[in-house]
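Now for the letters of each chain:
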Amino acid sequence: MSKDSVLVINCGSSSLKFAVINPQTEEESISGIAERLVGNEAFISWKINGEKHTQELGAAGHEGSIEALVGILRENNLMERIEAIGHRVVHGGEKFTKSTLITDEVIQGIEDCSHLAPLHNPAHLLGIRACIKNFPGLPQSVVFDTAYHQTMPAESFLYAVPYSLYQEHGLRRYGMHGTSYRYVSKTAADMLGLDYNNSAILVAHLGNGASACAIKNGQSVDTTMGLTPLEGLVMGTRCGDIDANVFSFLNKQCGYSLDEITQLLNKKSGMLGLSGLDNDCRVLEEAASKGHERAQLTLDIFCHVLAKKLAGFAAELGRIDALVFTGGIGENSSVIRKNVLNRLAIFGFDIDDTANMETFRGKSGVITKPGSTVAMVVATNEELMIARDTEALVKG
Ligand code: AMP
């Protein structure tokens, strides 16, 4: 059996997602997730040949779940097919501008960025170290969420706070979802027959976490997420843009501590906080269709903020070759897409209702009428992008 696939690892603070992907054929031979890695009730579940399996892991932690994964790969004769491992890493700071093979220096670099993503980078390092131990000799790479946005000009990434905070502490906009933007914008350009190196593409990555990006000639020139994923759009549970004085306001008015306010803005706000119902867009759409006014208002605020950001980005780009929707909401919600495009009619969007209704997860396509400024759906595939990057690095 030839070595034709990449093991993609996405380590979170209490979970570890994995997939074995052939970057050439895009075939995914196995995928799964180890969950509850903090505590004594960890388990790993995976899908292979259309069948689902689960195994209890006890107090396995990240390292134990990688050991279990090795066993699962062996049992299914997949070890021989893995040519390399690609790790998703959330934050690469200003140090990492592209994907790279793992060395001791790279590991140190990820550690140095840990203060920028304290929940994520330490977890990624656990996964990386466990893989080095359990897959000796296999080349490994890291693919950063932030790297794609390192092309943003200073006017896009700097906050208007004392410049020394940027110089001494790295306080600036970094942006996230970079791997998705890279995949989705290139796929859209290819589908439309655009010259990627001479293109102006807007992408709205709308999932539980949501952001938008302005992409000029294949490079990110602006994005909505900031120092952390809290800034920008309304999200499932995150508030997005807000007056920073809300911290002192809530402290004085409600007696909340710094940690409580951070929790409130990250975990209890957004669609969940506004609607008082749920963070899931589907639930809100269902409720709104039955006349729930606050659910409708929540969806309208989500679309209002997004449209406002996209309009600003359009001005930055100077033209729109395509507006691309992706992520769980972007790929599946015809309601949100229509709501947003109606707000952007001034840019010449003329929605094709039939195409919009027919486009859902896994199905990419244009959702506007001929002659309209193009809006489309592209299903994102960050894992495939990580597998492609890893193979390219390994093959030099
Ligand atoms: P993601 O984080 O990209 O997996 O996206 C998750 C979000 O996609 C969920 O919060 C859902 O609200 C949303 N979603 C998934 N399917 C649909 C759908 N059919 N209609 C509206 N929203 C959806």
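Look a little higher up for the structure.
Residues numbered from 1 in each chain as written. Predicted model: local features only at pLDDT ≥ 70, side-chain atom pairs only at ≥ 80, totals over all residues. Heavy atoms only, no water.

> Help me understand the nonpolar core in this model?
Nonpolar side chains in soluble globular proteins tend to end up buried together. Ranked by size, the top nonpolar core spans 44 residues in total, and within it Leu-202, Leu-206, Leu-323, Phe-325 and Ile-336 carry the most contacts. Going through the elements one at a time, β9 (200-206), β10 (210-216), α10 (281-289), α11 (293-317), β12 (322-326), α13 (334-343) and β14 (375-377) are the ones with two or more residues in this core. Top contributing element to this core by residue count: α11, with 11 residues. Sequence-distant contacts of Phe-325, that is, excluding residues within four places in its chain, are made with Ala-204, Leu-206, Gly-330, Arg-337, Val-340, Leu-341, Ile-367, Ala-375, Met-376, Val-377 and Val-378. Listed in part, the 27 residues of the second largest apolar core include Val-20, Leu-37, Leu-69 and Cys-131. (Core = buried A, V, L, I, M, F, W, Y, C linked by side-chain atoms within 4.5 Å. Buried < 20%, exposed > 50% of the residue type's maximum accessible area, 1.4 Å probe, protein only. Helix = DSSP H or I, 4+ residues; strand = E, 2+ residues; numbered from the N terminus. Contact = heavy atoms within 4.5 Å.)

> Explain the site of the ligand to me, please; I cannot follow it from the model alone.
Every residue close to the ligand is listed here: Gly-207, Asn-208, Asp-280, Cys-281, Arg-282, Glu-285, Gly-327, Gly-328, Ile-329, Asn-332 and Ser-333. One of the backbone N or O atoms of Cys-281 is found 2.6 Å from an oxygen atom in the ligand. Relative to its unbound accessible surface of 500 Å², the ligand loses 72% to contact with the protein. Elements that contribute at least two residues to the shell around the ligand include exactly α10 and α12 (327-332). When residues in the shell around the ligand are grouped by element, the largest group, four residues, is from α12. Here the residues of the shell around the ligand sort into two nonpolar, six polar and three charged. (Near = heavy atom within 4 Å. Polar contact = N/O pair within 3.5 Å; in protein donor to acceptor, adjacent residues only side chain to side chain. Areas by Shrake-Rupley, 256 points an atom, 1.4 Å probe, with all protein chains shown as cover. Nonpolar A, V, L, I, M, F, W, Y, C, P; charged D, E, K, R; others polar.)

> Honestly, the sheet that holds strand β5 (residues 51-58) in this entry has me stumped. Any pointers?
Pairing between sheet strands relies on hydrogen bonds along the backbone, with the strands arranged either parallel or antiparallel. Taking strand neighbours across the sheet as the criterion, the eight strands line up as β5-β4-β3-β2-β1-β6-β8-β7 in an open arrangement whose pairing is mixed. Strands with a single pairing partner mark the edges of an open sheet, and in this sheet they are β5 and β7 (100-101). Looking at chain direction, strand β6 (residues 82-89) and strand β8 (residues 140-144) are connected through five bridges and run parallel. The residue of β8 that forms the bridge with Arg-88 is Val-143. Of the strands in this sheet, β1 (5-11), β2 (16-21), β6, β7 and β8 touch helix α15 (residues 382-394), which is tilted by about 125° from β6. (Pairing = 2+ DSSP bridges. Axes fitted to C-alpha atoms, helices over the stretch in contact; angles between N-to-C directions.)

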